[in-house]
Amino acid sequence: MKRHITLLALVSIVALVAVALTACGMSNNPKATKQTLEEKNYSVEATIGDNDLEAQAELDSMSDEMKITAGELVAMIAATKGGAGQDTAENFVYIYYFKDSKVADKFWTANKTELDALKTEYKDFDGFEIGKDGSVVYFGTKQAIKDAQ
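These lines cover the structure that appears in this document, whether it is placed above or below. All of these numbers come straight from a predicted model, not from anything done at the bench.

**What about the overall build of the protein?**
A count of helices and strands for the protein gives seven helices and five strands. Expressed as a percentage of the 149 residues in the protein, the buried residues total 35%. Long-range pairs, those at least 24 residues apart, make up 58% of the contacts in the protein between residues at least 6 apart in sequence. Carbon and sulfur atoms make up 54% of the accessible area of the protein, which totals about 9600 Å².

This is the structure in structure tokens:
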């Protein structure tokens, strides 16, 4: 009996850790992320290719520049919030949704120089981050990334 209780406790701990780790990641659902950011008063621009041929054509037009193949970028979101002037934002996030994690890895590797340059470009923003989570690549301020999750 004692052995079963110990085993049950261990399984429970592993399950809780797994849930906690997955809850911290970026959502791979662009529509849900867009809605979440809008609810938090972000100005959101989204291009989601899901059954929208015009939107997918727009995403495909960026494939050469992003060093990927047409159809591999399935959505992208740009969101901003706050700031002293109309041309500046206190918090911002850009999120790219790829077909799968292999494509996200390919994008990350092929564009490493450009991604590193973003760190220099946005060095004045407090808490600037760049990250990859599964099939999603994102960059922005810590608060905006947290708000998008």
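Following the structure, the description resumes.
**A look at the environment of Y94**
Tracing the backbone shows Y94 in strand 3 (residues 91–98). We classify Y94 as partly exposed; its relative accessible area is 27%. Taking the C-alpha atoms as reference, Y94 lies 9.3 Å from A144; in sequence the two are 50 residues apart. Excluding anything up to four places from it in sequence, Y94 contacts I77, A78, V137, Y138 and F139.

**Details of the nonpolar core**
Grouped together as the largest cluster of nonpolar side chains are 19 residues, with contacts concentrated most on M66, I68, L73, Y96, F98 and F139. Looking at this core, the elements that each hand over two or more residues are strand 2 (73–81), strand 3, helix 5 (101–110), helix 6 (112–121) and strand 5 (136–141). Here this core gets four residues from one element, more than from any other, and that element is helix 5. Those residues within four positions of F139 in sequence are excluded, and the remaining contacts are F92, V93, Y94, Y96, L118, Y122, F128, E129, I130 and I145. If you look at the next biggest cluster of nonpolar residues, it comprises 16 residues, including M26, L37, Y42 and V93.

**Here's the deal with the packing of aromatic side chains**
The final tally for this structure, using the stated rule, is nine aromatic pairs. Centroid distance F92 to Y94: 6.1 Å. Interplanar angle 65 degrees. Geometry classified as edge-to-face. Owing to a relative accessible area of 4%, F92 belongs among the buried residues under this scheme. The rings of F92, Y94, Y122, F128 and F139 are connected pair by pair, giving a single aromatic cluster.

So, how was this worked out
Residues numbered from 1 in each chain as written. Predicted model: local features only at pLDDT ≥ 70, side-chain atom pairs only at ≥ 80, totals over all residues. Heavy atoms only, no water. Helix = DSSP H or I, 4+ residues; strand = E, 2+ residues; numbered from the N terminus. Buried < 20%, exposed > 50% of the residue type's maximum accessible area, 1.4 Å probe, protein only. Contact = heavy atoms within 4.5 Å. Areas by Shrake-Rupley, 256 points an atom, 1.4 Å probe, with all protein chains shown as cover. Core = buried A, V, L, I, M, F, W, Y, C linked by side-chain atoms within 4.5 Å. Phe/Tyr/Trp six-rings, centres within 6.5 Å; stacked < 30°, edge-to-face > 60°.

Function cannot be read off these values alone, since they describe shape.
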